[in-house]
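Here are the chains, one letter per residue:
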Protein chains: 2
Amino acid sequence: MKTFICGFGTIGQSVAKILKEKQEFFLDRYGEPLVVVGALDSKSFTVNPDGLNADELLSTKKTTGMVGDKPYKNIKDALNAVDFDILIEVTSTDIYTGGVGLDNIRYALKNGKDVVTANKGPLALRYKELINLADEHGRYLLFEGTVGGAMPIINLNKYDLAGQQIKSIRGIFNGTCNYILTKMDDGQPFEQALREAQQQGYAEADPTSDVEGYDSACKVVILANSIFGRNATFNDVDITGITSINSDAVALAKANGMVIRLIGEVSATKLEVAPRLIPRGHPLSLPGTLNTAEIITEYAGPITVSGIGAGGPETASAILSDIIDIMDVRIGE
Amino acid sequence: MKTFICGFGTIGQSVAKILKEKQEFFLDRYGEPLVVVGALDSKSFTVNPDGLNADELLSTKKTTGMVGDKPYKNIKDALNAVDFDILIEVTSTDIYTGGVGLDNIRYALKNGKDVVTANKGPLALRYKELINLADEHGRYLLFEGTVGGAMPIINLNKYDLAGQQIKSIRGIFNGTCNYILTKMDDGQPFEQALREAQQQGYAEADPTSDVEGYDSACKVVILANSIFGRNATFNDVDITGITSINSDAVALAKANGMVIRLIGEVSATKLEVAPRLIPRGHPLSLPGTLNTAEIITEYAGPITVSGIGAGGPETASAILSDIIDIMDVRIGE
């Protein structure tokens, strides 16, 4: 099978690297390789119907800042330059408009390609439209990597908890906020904790999307639609960030055996991101940058899962599991 | 499809109840029901090729102490009394000999039945033999419920982490020990914590299998064989229980920001159950009766999962997910 890596930042580069490392696995499982026939970044693209060399892609990107030697006017032209089966959509996310990712996913599905993405924006804004489009064209649109990076949650619900009604999901979906709240729990004021998060590379120069809860809200919407069958968008989420939490509140929580955590909560009726008091010792009280989700199930009670919420290889690992899902069906195990 | 529930204690009863509640789900997903055509306990059995009524089974068991009105000399006679597709093997576990469960699984696989089990004994003692038997006869032997009850781990590795090498798994696989260690962390001596665990129904009158680490060892062996492709048995595990942990050790750990936990650890080379110091705030430091496993992956770093480690509905939920796996393949989604 043939794949096109659309977006060649941290995640796209990790995907290229991992797919190369997994060639033996693909040959062993499917009797055929998974070939990367195209790759593009914001400025350039490159294609080869016989397969691109991942090492070359990575070194070209490193030395020239571009993945390929061909410029493009329109991403569609690049996508049309070679025949492929699976689009890996990992352009940078735009949670306000969906960005180019939205166009790319639409275009690929309409043209009979399966799509695997880690791009939150399109799914937080146009979930129903995109899933319907995939269904209409008999294609898969898989997106484990959009929620919690390496933390398995979409597929956990689909496979491991199959047949069970999911009552609700509460979780920490933003490692940056959890890092800041952990530092505040250690006695730092918000501003200092934020600066430290920025120095550590956890928070961006403009931390709005993290600290205002917008990033968490995107993930909550994707869970609402994919697990609870809702038809929600980013604008339906009740959002409170962590910017108004002060040291007094954190100290008061601490004195009562609690911590403050930014919790996303979703059920058939709820869609919310807000700071919550969590008892120390509860799985959602854990410190640090991990993402954690507590899934309340029909029979199994609470199931908690946590993992690294961002990063190249971590997100690429979620993409790998989605690619395997598609190949299992398209080729057969 | 037709199933036979072999063992009608807490788990078998929960399976009967859940399969009844899920009839609509089965009809919807497969266009056909899953019918329970046989059930047996240690004293009696009952069969009906057209399907047994779960409510009747449960009330008969409650009022008479037996699930059926027919005695049997040999379980095989009961299993031969009706035609079925899937054996649900949930007789009580015997970790020293494998008990009747071992015979039942062998017999079912040899006779072309798929098997779903929550019975640790047979898999901890005869994993390779049973898996080979299943392969020879083109049958499934699935066992999510043997490790950690509701906590998804076998299927998590098979599906969500497909394609990734698993480097190691460390976990809390016995809720009773974790309860005792939690109480000791609160200042209770071992004997008092154990008595409390017995009063709460977490520990049995004879707590040997829990506190000596044997129960955890069974689970570690099953993970070693199923996830790391090893050919280990219960006797290969290096086991240290929690009976020699005293209040001084717990207090010393506490003074250093640590807790003591009974940790099972498995990798390509390791197979061990022993008390370990875990830093407070680490996912494996959580208090209470939950089971927790930390899976160190090739690309995703550590993934942690926790859930209720025992109990009827919880274990039955794992059995349900295995049944769905089998029906997905046998009938098609």
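Just so it is clear, the structure is predicted and the values come from calculations on it, not from any experiment.

S.K.: Looking at this model, I keep getting lost on the relation of the copies chain A and chain B. Mind explaining?
M.R.: Each of the two copies of the chain can be brought onto the other by a rotation about an axis and a shift along it. Under the fitted operation, chain A is carried onto chain B by 0.0 Å of movement along the axis and a turn of 180°, and the coordinates agree to an RMSD of 0.0 Å. In symmetry terms, the pair is related by a two-fold rotation axis. Residue Val-305 of chain A, judged by its C-alpha, is the member of chain A lying nearest the rotation axis, at 2.2 Å. Here 100% of the contact residues of chain A are again contact residues in chain B; the copies associate through an equivalent surface.

S.K.: Honestly, the packing of aromatic side chains in this entry has me stumped. Any pointers?
M.R.: The description of an aromatic ring pair rests on the distance of the ring centres and on the angle between the ring planes. Considering all chains together, one arrives at 15 aromatic pairs over all chains under this definition. Both rings, one in Phe-4 of chain A and one in Phe-84 of chain A, keep their centres 5.3 Å apart while their planes meet at 55°; by these two values the pair is tilted. Placement of Phe-4 of chain A in strand β1 (residues 2-6) and of Phe-84 of chain A in the loop between α4 (75-80) and β5 (86-89) is noted, with a sequence separation of 80 residues between them. Among the residues examined, Phe-4 of chain A registers a relative accessible area of 0% and is labelled buried. On the numbers, 5.6 Å between centres and 65° between planes, the contact of Phe-25 of chain B with Phe-26 of chain B is edge-to-face. Taking the relative accessible area as the measure of exposure, Phe-26 of chain B reaches 0% and is therefore buried. In this structure an aromatic cluster arises from ring pairing among Phe-25, Phe-26 and Tyr-30 of chain A. Against the face of Phe-84 of chain A rests Lys-113 of chain A, its NZ or CZ located 4.6 Å from the ring centre. The positively charged end of Lys-70 of chain B is found above the aromatic ring belonging to Phe-45 of chain B, 5.9 Å away from the centroid.

S.K.: Any chance you could explain the sheet that holds strand β6 (residues 114-117) of chain A here in plain terms?
M.R.: Two strands in a sheet stick together by hydrogen bonds in their backbones, pointing the same way (parallel) or opposite ways (antiparallel). Residues and elements named next belong to chain A. The strand order across the open sheet formed by seven strands is β4-β3-β2-β1-β5-β6-β7, and the pairing between neighbours is mixed. The open sheet terminates on both sides in strands that have one partner only, identified here as β4 (70-71) and β7 (141-142). Bridge analysis of strand β3 (residues 44-47) against β4 gives two bridges, and the strand direction is antiparallel. Of the residues in β4, the one forming a bridge with Ser-44 is Pro-71. Across the face of the sheet, helix α13 (residues 312-330) comes into contact with β5, β6 and β7 while running at roughly 160° to β6.

S.K.: For this particular structure, what's the right way to read the side chain of Ser-285 of chain A?
M.R.: Within the secondary structure, Ser-285 of chain A sits in the loop between β11 (271-279) and β12 (290-297). When residues no more than four places from it in sequence are discounted, the contact partners of Ser-285 of chain A are Val-259, Arg-261, Ile-278, Pro-279 and Arg-280 of chain A.

S.K.: Help me out: how do you make sense of the sheet that holds strand β13 (residues 302-308) of chain B in this one?
M.R.: With mixed pairing, the 12 strands of this open sheet are ordered in space as β9(A)-β11(A)-β10(A)-β8(A)-β12(A)-β13(A)-β13(B)-β12(B)-β8(B)-β10(B)-β11(B)-β9(B). At either end of the open sheet lies a strand with only one pairing partner, and these are β9 (238-239) of chain A together with β9 (238-239) of chain B. Both β12 of chain A and strand β13 (residues 302-308) of chain A contribute to a ladder of seven bridges, which runs antiparallel. Pairing of Ala-293 of chain A across the sheet is with Val-305 of chain A, part of β13 of chain A. Running at roughly 95° to strand β10 (residues 258-267) of chain A, helix α12 (residues 247-255) of chain A makes contact with β10 and β11 of chain A of the sheet. Relative to the sheet, helix α12 (residues 247-255) of chain B contacts β10 (258-267) and β11 (271-279) of chain B, its axis offset from that of β10 of chain B by approximately 95°.

S.K.: Explain the interface of chain A and chain B to me, please; I cannot follow it from the model alone.
M.R.: How big an interface is tends to be stated in terms of accessible area lost as the parts join. Listed by partner, the interface residues are 37 residues for chain A and 37 residues for chain B. Both sides together, the interface formed by chain A and chain B hides about 2900 Å², and carbon and sulfur atoms give 62% of it. The interface formed by chain A and chain B includes two salt bridges. Linking Glu-298 of chain B and Lys-22 of chain A is a salt bridge whose minimum nitrogen-to-oxygen distance equals 2.9 Å. Summed over the shared surface of chain A and chain B, the result is 10 residue pairs in polar contact (both at pLDDT 80 or more). Per element, the largest residue contribution to the side of chain A that touches chain B is seven residues, and it comes from β13 of chain A. Sheet topology note: the β13 of chain A/β13 of chain B ladder contains three bridges and is antiparallel. Bridge assignment links Thr-304 of chain A to a residue of β13 of chain B, and that residue is Ser-306 of chain B.

S.K.: Sorry, what's going on with the pairing of strand β8 (residues 166-172) of chain B here?
M.R.: Along any regular strand, the residues point their side chains to alternate faces of the sheet. Residues and elements named next belong to chain B. Most of β8 sits inside the fold, with five of its seven residues counted as buried. Alignment of β8 against β10, held across four bridges, turns out to be antiparallel. Within the sheet, the bridge partner assigned to Ile-169 lies in β10 and is Val-266.

S.K.: Explain the packing of helix α2 (residues 23-30) of chain A against α13 of chain A here, please?
M.R.: Packed helix pairs are characterised by how far apart their axes lie and by the angle those axes make with each other. Residue and element names in this part refer to chain A. Two numbers describe how α2 lies on α13: the axes approach to 12 Å, and their chain directions differ by 25°. As summarised for this structure, α2 and α13 are arranged roughly parallel, according to the angle between their axes. For the element pair α2 and α13, the recorded crossing hand is right-handed. Only Leu-320, Ile-323, Ile-324, Met-327 and Asp-328 of α13 make contact with α2, whose side of the interface consists of Phe-25, Phe-26, Arg-29 and Tyr-30. Class assignment for the residues of the contact of α2 with α13 results in seven nonpolar, no polar and two charged.

S.K.: Looking at this structure, how should I read empty space enclosed by the protein?
M.R.: It is the rolling of a water-molecule-sized probe over the atoms that shows where space remains empty. Under the definition given, this model contains four cavities of 30 Å³ or more. Approximately 60 Å³ is the volume found for the largest cavity. Taken together, Pro-283, Leu-286, Thr-292, Thr-304, Val-305 and Ser-306 of chain A together with Pro-283, Leu-286, Thr-292, Thr-304, Val-305 and Ser-306 of chain B form the lining of the largest cavity. Contributing elements (two or more residues each) for the lining of the largest cavity: β13 of chain A together with β13 of chain B. For the lining of the largest cavity, the residue count by class is six nonpolar, six polar and no charged.

S.K.: Could you clarify how one ought to interpret helix α8 (residues 175-185) of chain B in this entry?
M.R.: Each α-helix turn comprises 3.6 residues. Residues three or four places apart therefore point the same way. All names here are of chain B. Across the 11 residues that make up α8, a large majority, 10, are buried. Lining the buried residues of α8 we find β8, α9 (190-199), α10 (208-211), α12, β10 and β12 (290-297). A side-chain oxygen of the first residue of α8 lies 3.2 Å from the backbone nitrogen of Thr-176; this N-cap is Asn-174. Note on α8: the residue one or two positions beyond its end, Gly-187, has a positive phi of about 110°.

S.K.: What is the right way to look at the packing of helix α6 (residues 120-136) of chain A against helix α11 (residues 214-227) of chain A in this model?
M.R.: Residue and element names in this part refer to chain A. As a packed pair, α6 and α11 sit with axes 9 Å apart at the nearest point and diverge in direction by 55°. Classified by the angle their axes make, α6 and α11 are oblique. Crossing geometry of α6 relative to α11 is assigned as left-handed. Each of Lys-120, Leu-123, Ala-124 and Tyr-127 in α6 lies in contact with α11, whose residues at this interface are Asp-215, Cys-218, Lys-219, Val-221, Ile-222, Asn-225 and Ser-226. Classifying every residue of the contact of α6 with α11 by side-chain character gives six nonpolar, two polar and three charged.

S.K.: Explain the pattern of salt bridges to me, please; I cannot follow it from the model alone.
M.R.: Pairs can form between side chains of opposite charge once their charged atoms are near each other. Residue and element names in this part refer to chain A. Applying the stated criterion across every chain, the model contains 38 salt bridges over all chains. Asp-55 serves as the salt-bridge partner of Lys-20, at 2.9 Å between the closest nitrogen and oxygen. Linking Lys-20 in helix α1 (residues 10-21) with Asp-55 in helix α3 (residues 54-64), this pair joins segments that are 35 residues apart in sequence. Residues Asp-215 and Lys-219 are paired through a salt bridge, measuring 2.7 Å at the closest nitrogen-oxygen approach. Taken together, the residues span about one helical turn, with Asp-215 and Lys-219 both in helix α11 at a distance of four residues. You'll find Asp-215 and Lys-219 in the same group, each marked buried. The network of salt bridges with common partners includes Asp-103, Arg-106, Arg-126 and Glu-129.

What counts, and where the lines are drawn
Residues numbered from 1 in each chain as written. Chains lettered and ligands numbered in written order. Predicted model: local features only at pLDDT ≥ 70, side-chain atom pairs only at ≥ 80, totals over all residues. Heavy atoms only, no water. Least-squares fit on C-alpha atoms with pLDDT ≥ 70 in both. Contact = heavy atoms within 4.5 Å. Phe/Tyr/Trp six-rings, centres within 6.5 Å; stacked < 30°, edge-to-face > 60°. Helix = DSSP H or I, 4+ residues; strand = E, 2+ residues; numbered from the N terminus. Buried < 20%, exposed > 50% of the residue type's maximum accessible area, 1.4 Å probe, protein only. Lys NZ or Arg CZ within 6 Å of the ring centre and 35° of its normal. Pairing = 2+ DSSP bridges. Axes fitted to C-alpha atoms, helices over the stretch in contact; angles between N-to-C directions. Buried area = accessible area lost by both parts, 1.4 Å probe. Salt bridge = Lys/Arg side-chain N within 4 Å of Asp/Glu carboxyl O. Polar contact = N/O pair within 3.5 Å; in protein donor to acceptor, adjacent residues only side chain to side chain. Parallel < 35°, antiparallel > 145°, perpendicular 65-115°, else oblique. Left-handed = near helix turned anticlockwise from the far one by under 90°. Nonpolar A, V, L, I, M, F, W, Y, C, P; charged D, E, K, R; others polar. 1 Å grid on protein atoms, 1.4 Å probe; cavity = no way out; pocket = protein on both sides within 12 Å on 5 of 7 lines; lining within 4 Å. Points joined across faces, edges and corners; volume = space filled by probe spheres on them.

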